[in-house]
Amino acid sequence: MSGRQGGKLKPLKAPKGKEKEYDETDIANLQKKKDEEKALKELKAKAAGKGAFGGAGLKKSGGKK
């Protein structure tokens, strides 16, 4: 049993990739994507602050007398 190890083996580290060179169109697309994500995040926060849609809420039926 000398060739067997206990526990989980760590994965090998991948070599670091080269830094990408961005041209003007890539930079513009990245900025547009960031702006869209920011706007979406703001809309989600705004929607979370409101209650039920429609404003009427749950309607109660007749009630006991």
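All values reported here derive from a predicted model rather than from experimental measurement. (Residues numbered from 1 in each chain as written. Predicted model: local features only at pLDDT ≥ 70, side-chain atom pairs only at ≥ 80, totals over all residues. Heavy atoms only, no water.)

A. Quick look at the overall build of the protein chain. Secondary structure assignment for the protein chain yields one helix and zero strands. A burial count over the protein chain gives 0% of its 65 residues as buried. Summed over its atoms, the accessible surface of the protein chain is roughly 7800 Å², and 56% of this surface lies on carbon and sulfur atoms. (Helix = DSSP H or I, 4+ residues; strand = E, 2+ residues; numbered from the N terminus. Buried < 20%, exposed > 50% of the residue type's maximum accessible area, 1.4 Å probe, protein only. Areas by Shrake-Rupley, 256 points an atom, 1.4 Å probe, with all protein chains shown as cover.)

B. View of a nonpolar patch on the surface. Residues Tyr22, Ile27 and Leu30 make up a contiguous nonpolar surface patch of roughly 310 Å² in combined accessible area. Looking at the element boundaries, Leu30 is found in helix α1 (residues 24–49). Since its relative accessible area comes to 39%, Leu30 is described here as partly exposed. (Patch = residues over 30% accessible without salt bridge, like charges linked within 9 Å, V, L, I, M, F, W, Y side chains within 5 Å. Salt bridge = Lys/Arg side-chain N within 4 Å of Asp/Glu carboxyl O.)

C. Highlighting α1. Its 26 residues place the ends of α1 38 Å apart at the C-alpha level, agreeing with the 38 Å of an ideal helix rising 1.5 Å per residue. Burial of α1 is sparse: only zero of the 26 residues sit out of reach of the surface. (Expected span 1.5 Å × (residues − 1).)

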